[in-house]
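The residues making up each chain are set out below.
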Amino acid sequence: MLTVNAYAAPSASEALIPTTLERRDVGAHDVLIEIKYAGICHSDIHTVRGDWGPQSYPLAPGHEIAGIVTEIGPEVTRHKVGDRVGVGCMVNSCGECENCRKGEEQYCLKGMTGTYGAVDRDGTITQGGYSTHVVVAEDFVVRIPEGIALDAAAPLLCAGITTYSPLRHWGAAPGKRVAVVGLGGLGHMAVKLAHAMGAEVTVLSQSLKKMEDGLRLGADHYFATSDPVTFEELAGTFDLIINTVSAPIDISSYLQLLSLDGALVNVGAPAEPLPVNVFSLITGRRSFAGSAIGGIRETQEMLDFCAEHGLGAEIEVIPADKINDAYERVLASDVRYRFVIDTSTLG
Ligand SMILES: [Zn+2]
Ligand SMILES: [Zn+2]
């Protein structure tokens, strides 16, 4: 066992504090990663605060991990010491079910193992990336190409793949009109990626406050959803809408913005059910769908795509003692566009 420094929540109602965690010994197929940067995802906050169900504490969140391999198990073939690597939202899956065999481990029929707060196959509770080191099975570790700085790469492991996967699945490409709802951590990556895929990109944001940023990140158009005229003007115009907002929105009025056969894909997850007016689906053969992160193979493809197109997340790097402040700022949507913890400040 390796004792490592970390930042963890002692309970659902307390702020995160400096602490130590035990990492398992490096097994035959494991790699030990010295974490350099860990992104702060909105899910981290929901999870540690128990919004998505009871947790086991102390809990160190963090599933946007970028670092360097410092040790490998004797049977590891995919990575070597010194490699720049990343770990995203999952660290294990059954490897045998239909979905795992397709490389869609995130949809493992037995349930993938989350990077933190999940029961690992050895019975221990996983602990995330707000930490100096992590031990992960080599199959769940991806390579970060030289072209992307490690700090800007970290958020790609969740925000990047969560938006890349549906853009690919629903065919974002030249000639396709893609709308992105919400310009936050996920939304800003959706804009960059859809633009790099050649699609015509529109941001649908509550206000025009971030319009300049949106256009700089690659959007062709920017509309305020607080203005009812937006919904009249854009009716029937999009092939694909990626909804990154996890607060409830009026899905039916967004569905009306889709063209024939268009799809609205939720990547944000509101805790409450969303009502849908079925007429807004059947009057245009439209789909309302959801998508969760991406498989390991696709996560690697996304990182390679980002390197090829010079993409990374827009980040604000913070020391560990600013994590709790950063949480408040994330909740207030006061971040452009992702906080990344410099893990060398964990002590
Ligand atoms: Zn996340
Ligand atoms: Zn499986």
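All residue numbers refer to position in the chain's written sequence, counted from 1. For this description, chains carry letters from A and ligands carry numbers from 1, given in the order in which they are written. Reporting in this predicted model follows two pLDDT cut-offs: at least 70 for local features of residues, and 80 or more for side-chain atom pairs to be given and counted; totals over whole chains, interfaces and linings ignore these cut-offs and use all residues. Only hydrogens and water are set aside; all other atoms, that is, all heavy atoms of the structure, feed into the side-chain values.

(A) Representation of the sheet that holds strand 15 (residues 287–290) in the model. Two strands qualify as a pair provided that DSSP identifies no fewer than 2 bridges between them. Starting at the N terminus, helices and strands are each numbered in turn, a helix being any DSSP run of H or I of at least four residues and a strand any DSSP run of E of at least two. The six strands are arranged 12-11-10-13-14-15 in an open sheet whose pairing can be described as parallel. The open sheet has two edge strands with one neighbour each: strand 12 (221–224) and strand 15. In this sheet, adjacent strand axes meet at a mean angle of 20° when their direction is disregarded. In the sheet, strand 10 (residues 177–181) pairs with strand 11 (residues 200–205) via five bridges, with the strands oriented parallel. When the bridges of strand 11 are listed, V180 appears paired with V203. The contact criterion used throughout is that any non-hydrogen atoms of two residues lie within 4.5 Å. Angles here are taken between N-to-C directions and fall from 0 to 180 degrees, while the axes themselves are lines fitted to C-alpha atoms, restricted in helices to the stretch in contact. Packing of helix 4 (residues 159–169) onto the sheet brings it into contact with strand 10, strand 13 (238–243) and strand 14 (258–266), and relative to strand 13 it is tilted by some 160°.

(B) Spatial organisation of the pattern of salt bridges. One side-chain nitrogen of Lys or Arg within 4 Å of one carboxyl oxygen of Asp or Glu is enough to make a salt bridge. Under the defined criterion, the tally for this structure stands at 19 salt bridges. R24 is the partner of D120 in a salt bridge, and the nearest nitrogen-oxygen pair spans 3.3 Å. With a gap of 96 residues between them, D120 in the loop between strand 7 (113–114) and strand 8 (133–137) and R24 in the loop between strand 2 (17–23) and strand 3 (30–40) connect regions that are remote in the sequence. Residue classification places R24 among the partly exposed residues on the basis of a relative accessible area of 29%. Note that K102 and E98 form a salt bridge whose closest N and O atoms lie 3.7 Å from each other. Between buried and exposed lies partly exposed: a residue is buried under 20% and exposed over 50% of the maximum accessible area for its type, with that area taken using a 1.4 Å probe on protein chains only. On the basis of relative accessible area, K102 is assigned to the partly exposed category, the value being 47%.

(C) Structural detail: the nonpolar core. To define a nonpolar core, start from buried Ala, Val, Leu, Ile, Met, Phe, Trp, Tyr and Cys residues and group those joined through side-chain atoms within 4.5 Å. Core analysis: the biggest nonpolar cluster contains 62 residues, and L156, L167, V191, L193 and L303 have the highest contact counts within it. Of the residues forming this core, the biggest block, six residues, is contributed by helix 5 (residues 185–196). Once you skip the residues sitting within four places of it in the chain, L193 turns out to touch G160, T163, Y164, L167, F305, C306 and L311. Listed in part, the 20 residues of the second largest apolar core include A38, I45, Y116 and I318.

(D) A look at the coordination of the zinc ion (ligand 1). Water is not among the atoms examined, so metal sites may look incomplete; donors are the N, O and S atoms within 2.8 Å of the metal, or within 3.2 Å for Na, K and Ca. On the protein side, the zinc ion (ligand 1) has C41 (SG), H63 (NE2) and C158 (SG) as donor atoms, found 2.0 to 2.2 Å from it. Taking relative accessible area as the criterion, C41 reaches 5% and is therefore assigned buried.

(E) Molecular detail of the side chain of T115. Of note, T115 is situated in the loop between strand 7 and strand 8. We classify T115 as buried; its relative accessible area is 4%. Beyond its immediate sequence surroundings of up to four residues, T115 is in contact with G62, H63, I65, V87, G88, C89, M90, V91, T126, Q127 and G128.

(F) Summary view of empty space enclosed by the protein. Using protein atoms alone on a 1 Å grid, points that fit a 1.4 Å probe yet trap it form a cavity, whereas open point sets bounded by protein on both sides within 12 Å along at least five of seven lines form a pocket; residues with an atom within 4 Å of a point count as lining. Grid points are joined across faces, edges and corners, and a volume is the space filled by probe spheres set on the points. Tallying each qualifying case throughout the model produces one cavity of 30 Å³ or more. When its volume is computed, the largest cavity comes out at roughly 70 Å³. Just so you know the grouping, Ala, Val, Leu, Ile, Met, Phe, Trp, Tyr, Cys and Pro go in nonpolar, Asp, Glu, Lys and Arg go in charged, and all remaining residues, Gly too, go in polar. Looking at the lining of the largest cavity, its residues break down into nine nonpolar, three polar and no charged.

(G) Main features of the layout of surface pockets. Taken as a whole, the second largest pocket holds about 350 Å³ of empty space. Lining the second largest pocket are 18 residues; nearest its centre among them are E22, R23, R24, T124 and I125. At the level of elements, strand 2, strand 6 (90–92) and strand 8 are the ones that each hand at least two residues to the lining of the second largest pocket. In terms of residues, the lining of the second largest pocket owes the most to one element, strand 8, which gives four residues. Class assignment of the residues belonging to the lining of the second largest pocket gives a composition of eight nonpolar, five polar and five charged.

(H) Spotlight on the side chain of E64. Within the fold, E64 resides in the loop between helix 1 (42–48) and strand 4 (65–72). Residue E64 is classed as buried on the basis of its relative accessible area, which comes to 0%. Among the polar contacts listed, one links the side chain of E64 to the side chain of R338, at a separation of 2.8 Å. Beyond its immediate chain neighbours, meaning those up to four positions away, E64 contacts Y37, A38, G39, I40, C41, V87, A154, P155, L157, C158, A159 and R338. For the purposes of these results, a polar contact is taken to be a pair of N or O atoms within 3.5 Å, where, inside protein, one atom must be able to donate a hydrogen and its partner to accept one; residues adjacent in sequence count only when each atom of the pair is a side-chain atom.

(I) Geometry of the coordination of the zinc ion (ligand 2). Here the zinc ion (ligand 2) is held by C94 (SG), C97 (SG), C100 (SG) and C108 (SG), and the distances to it run 2.3 to 2.4 Å. Each label reflects the angles at the metal, where four donors whose angles all fall between 85 and 135 degrees are tetrahedral, four or six donors whose opposite pairs open beyond 155 degrees and whose other angles stay between 65 and 115 are square planar or octahedral respectively, and the rest are irregular. Each of the four donor atoms around the zinc ion (ligand 2) contributes to a set of angles spanning 104 to 119°, which defines the coordination as tetrahedral. As a motif over one chain, the donors of the zinc ion (ligand 2) read C-x2-C-x2-C-x7-C. Of the two residues, C97 sits in the loop between strand 6 and helix 2 (98–101) while C108 sits in the loop between helix 2 and strand 7, which places them 11 residues apart along the sequence. For the pair C97 and C108, a shared accessibility class is recorded, and that class is buried.

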